[in-house]
Amino acid sequence: MKHQDALLHVRGRSLFVDDFKLPRNLLHAAVLVSPVSHGEIETLEAGEALSIPGVEAVITAEDIPGKNQIGSIIKDELLLAEKELLFIGQPVAVVLADTPENARAAVKAINMEITELPSVVDPREAFEKGMLIAPPRTFSMGNTSEAWDKCDCIVAGRADSGGQEHLYLETQGAFAIPMEDGCIRITSGTQGPTFVQRVAARVLNLPMNKIEVDVGRLGGAFGGKEDQATPWAVLSALGVQLTGKPVKLVLNRNEDMTWTGKRHPYSSDFKLGLANDGTMIAWEVTYYQNGGAVSDLSTVILERTLFHSTNAYFIPNVKATGISCRTNLPPNTAFRGFGAPQAMYVLESAIHSASHKLGVTPLEIQEKNLLKKDDIFPFGMPYEGNEIRRSWKKAHEIHQAGNVERRVRDFNSSNAMFKKGISFMPVCFGISFTHLSMNQANALVHVYTDGSIGISTGAVEMGQGVNTKMAQVAARTFGIDLFRIKVESTNTTRSANTSPTAASSAADMNGNAVRIACSNILKRLLIFAGKHLDAAPDSQIDLIHEKVMINGEKTHLEWNKLIGLAYLARVNLSSQAHYATPGLHFNKSSEKGRPFSYHVAGTAVTEITLDRLRGVFSVDAVQIVHDCGESINPLVDRGQIEGGLLQGIGWVTLEELKYHPETNALLSDSLATYKIPDMYSTPGEVDIEFLECHSENAGVYNSKAVGEPPFMYGIGTYFAILDAIRACDPEIPPVYCAPLTNEKILLLLQKKR
Ligand code: LUZ
Ligand code: MOS
C-alpha cells in the first residue's frame, strides 16, 4: 500500500495553501515585524504606506476587537506588539493590499521609531538574571547525594545542543474568507485546527462556532506548525473581519526562517556516577532550555526532556532539573522529539565521557544498563516492554555477523588519513501527550448510498501518511476495498475540539476513533443483513472481502447491494466516535505517574568514515532495529524512520544557527547559509529491520507510533564521529557541543595537546 498522495505529489497536483484559486477581491497581507531583539516602540504611523496604490488597510494592535493574546499554556504572547518588542520577527502591523508585492512595499513605508534595549540570547545568562518562563522542575528517584560515595568513577561536564530550523517545504500561511453573518472560514497550514479556531475566536471576539478552520494538507510541519501556524491564520481572519474581503498571508522563505521559532537549544550540566564494571549508579543533570521571548510550548517540551533524561537506561538514583529560560530570540517551539533528543544527547555525552575515564567503549556501558521489563523510570512508571534489549541484541547480532569491528580495526590500522568510527544508539520514547486532556480524538464516518465512504478525523496530513493509515483502518474494520474510502480535509465543523496532530500519536488516537465509528456502522449493517437474509438468530454474521458471510459461508449479498438495501430500510449509515487513551495519569506535585500508554524502542548502529585531513566524514551505514508494533503500513513507517534518521543526523552534524554577535539577527537565514542533509549526506546504506512485537497498550490494531522516535537514531552519528576522532588520536579531548560540523571536527583534529 503506497502513500495515497504519492501520485498527486509527483504530478504536482496536490493543493497547498498557496495553490487555491481565490476570489478576485482577495487582499494579500504582509507583516511589519520588530527589527530589534529588544526595544520599545516610540512611534508607529501608517503614514505613506496607505497612499501606496493598491493598499487597502494597515492593521495594528489597536484594531483588535477581542483580546490581543495568542498564548496557549501561558498567556504571554501578543498577536501584535503594543509597546515592548521582544524578538526580531515579532509582528507589529499588517498591511493588506491587492498584490503581495504592493503589501510588502507598503510595509517598508510604515514609520516606526524604536528605542533599543539590552537583550539576552544565552539561556545561562537569562537564568542568572532571573528571566524564567516558569519555575524550575525536578524529577527525582533514589537519592543522588548519598549515591556518589558508592561510585568508583564519576564524570561531570557540560553538553550543549543547538537549535534547528524546521524547514518544512511549505512555508507558514493561511487564507480566510468572509461568510454569512460575520462568520469566517480559515484555511490554514496548521497541525492544530482547533487551536487556530480557539485563538481566532478570542482575538476576533466571536464564539468558536463562527470560525471554521479547514486543513487540506501541509507540506511538512515537524512541530513547527503545532503552535506557530496560528498567528498567520488569525491575522488573516482579522483582516477579513476588518475589511469584509478575503485575505491571504503566506510567508516567504526568508521571513519564515527569520521570524519563527525553532528547536530549543539546550545547555546542560551533568554528573554521572558508575561502578567499575560500568553499572550506572547516579545521574544528576540540569537542563538550561533556551525558550525564546514567549512561552509557546517551552514548558511542555521541557517536561518531555525530564521524562527522557534516562532514555533507554535504568539508573537507580536520578535528579533531573529543567529550567526554561526567557531570551530575546523568536519563541522556540515543538520540533520532532519535543525535548527528548536534547535529553538523550546529554546522557550519551556523559556515557561517552565515562567510557574514556573507565577505559572501555561506550558500548560496554550502554549494554550493561539497558532497561529491563519492570525497571522503574524516574517518574514512577515501570518499563512495560522488553523491546529495548531485544532491539539491542538484534542490532548487535547484525553488527557481529558483518564482522564490522574487525573490518574497522583493520581499516584503521592500515589507513593513516581515514579513520572509521562506530556507535550504538538505543532509543526509548514515551507515547502520549504528556498533557492528559490532549489524549483524545474523534472521527466522523459517512457511508454514501453508492457504497463509497468519507472519513473525517482530527488528524492532519502533513506528508507523514496519516490519511493513508486512516483509510486502511476503515477498510480493514469494514472488510472492504480501500478504493471506496476518501479521507476528507481536517475541518473543525466535522471534527471538533481536536488535539493537534503531534506527539507521534495522531494515527493511534484518530485511528482508534475511525475503528470505533466504522464498527458502529458495521454492527448495524450486520444486524440488518441477518434479518434480510433470514439468518437464524444465533448465527455468526460477518463482512469479509466485501461479502456478507453467515457462519463462515459466503452469501450473495455484497457491499454495494447491502448499503443500498440498508438505506431503503432506514439504517443509519453514519457514525461519530470518540477515543480517549486509557490508563494515563500523572501527579504534578510528586512528579510521578503513568504519563505514557507505551514506549517505542529501537537501536541504531552507525558506521562513519572520517577524512582526517579535511575534517569531513561520510556516514557509511546505519543499521536500525525498530519496533513499529504490528505496522499498518510498513512502507510509510520505513519512510518515517529514514526521514527521522536523516533529520537527526542534520541536527547533530550540519545544521548550525548563527546569529550576529551584536544585533542578534539570524545570519543563517537561507539555504545558502543553513545546511540541511542532502543526497550527499545520506548514509551509504540504511538497513531497517522491524522488530516483531505484540504489546497490549499499543495503538490502533496493535501498531505503534512512528513519527518522532527515529529522529533520535541520528544522535548516533555524533558519537560515531567522536569514535573516529579517538582512532585518529586518543589524546584529543572530546567535545559535547552539537552540531559537530566539519569545521569543528577539523579544529578538533588540529588541536595541540
Ligand atoms: N506536543 C504536545 C507534543 O503538545 N505535547 C506533547 O507531549 C508532545 N510530545 C511530542 C511532540 N509534540
Ligand atoms: Mo510535534 S514535535 O508537533 O509532535
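Heads up: these notes are all about the structure in this document. (Residues numbered from 1 in each chain as written. Chains lettered and ligands numbered in written order. Predicted model: local features only at pLDDT ≥ 70, side-chain atom pairs only at ≥ 80, totals over all residues. Heavy atoms only, no water.)

What follows deals with the overall build of the protein chain. Per the secondary structure count, the protein chain includes 18 helices and 29 strands. Rg of the C-alpha trace for the protein chain: 27 Å, near the compact-globule value of 27 Å for 753 residues, within the 12% margin. The principal-axis extents of the C-alpha atoms in the protein chain amount to approximately 85 × 80 × 50 Å. The 753 residues of the protein chain split such that 59% are buried. Restricting the contact set of the protein chain to residue pairs at least 6 apart, pairs at least 24 apart contribute 80%. When the accessible surface of the protein chain is summed, it comes to about 29,200 Å², and 52% of that surface belongs to carbon and sulfur atoms. Averaging the coordinates of the 71 positive side-chain charges in the protein chain and doing the same for the 84 negative ones gives two points 4 Å apart. (Helix = DSSP H or I, 4+ residues; strand = E, 2+ residues; numbered from the N terminus. Rg over C-alpha atoms; globule rule 2.2 N^0.38 Å. Buried < 20%, exposed > 50% of the residue type's maximum accessible area, 1.4 Å probe, protein only. Contact = heavy atoms within 4.5 Å. Areas by Shrake-Rupley, 256 points an atom, 1.4 Å probe, with all protein chains shown as cover. Lys, Arg positive; Asp, Glu negative; His and termini not counted. Charge placed at Lys NZ, Arg CZ, Asp CG, Glu CD.)

Glancing now at the sheet that holds strand β6 (residues 111-116). With respect to topology, three strands assemble into an open sheet ordered β4-β2-β6, the strand pairing being antiparallel. Edge positions in the sheet fall to β4 (84-85) and β6, since each of these pairs with one other strand and no more. Bridge analysis of strand β2 (residues 39-45) against β6 gives six bridges, and the strand direction is antiparallel. Bridging across to β6, E40 finds its partner in T115. (Pairing = 2+ DSSP bridges.)

Surveying the vicinity of ligand 1 reveals the residues E226, R304, F338, F433, T434, M438, A502, A503 and E708. E226 places a side-chain nitrogen or oxygen 2.7 Å from an oxygen atom of ligand 1. T434 places a polar main-chain atom, nitrogen or oxygen, 3.1 Å from an oxygen atom of ligand 1. Residues belonging to the shell around ligand 1 are distributed by class as follows: five nonpolar, one polar and three charged. (Near = heavy atom within 4 Å. Polar contact = N/O pair within 3.5 Å; in protein donor to acceptor, adjacent residues only side chain to side chain. Nonpolar A, V, L, I, M, F, W, Y, C, P; charged D, E, K, R; others polar.)

Before going further, it helps to spend a moment on helix α11 (residues 387-401). The terminal C-alpha atoms of α11, which comprises 15 residues, lie 21 Å apart, in line with the 21 Å expected from a rise of 1.5 Å per residue. All buried positions along α11 are accounted for by E387, I388, S391, W392, A395, H396 and H399. Viewed end-on, α11 has its buried residues packed into an arc of 165°, placing them on one side of the element. Residues of α11 that are exposed and point over 90 degrees away from its buried face: K393 and A401. (Expected span 1.5 Å × (residues − 1). Arc of directions from axis to C-beta.)

Within the largest apolar cluster, 96 residues are counted, with the highest numbers of intra-cluster contacts made by L272, W283, Y287, Y345, L610, I715 and I725. Counting 49 residues, the second-largest nonpolar core is a separate cluster that includes V447, A471, L543 and V700. (Core = buried A, V, L, I, M, F, W, Y, C linked by side-chain atoms within 4.5 Å.)

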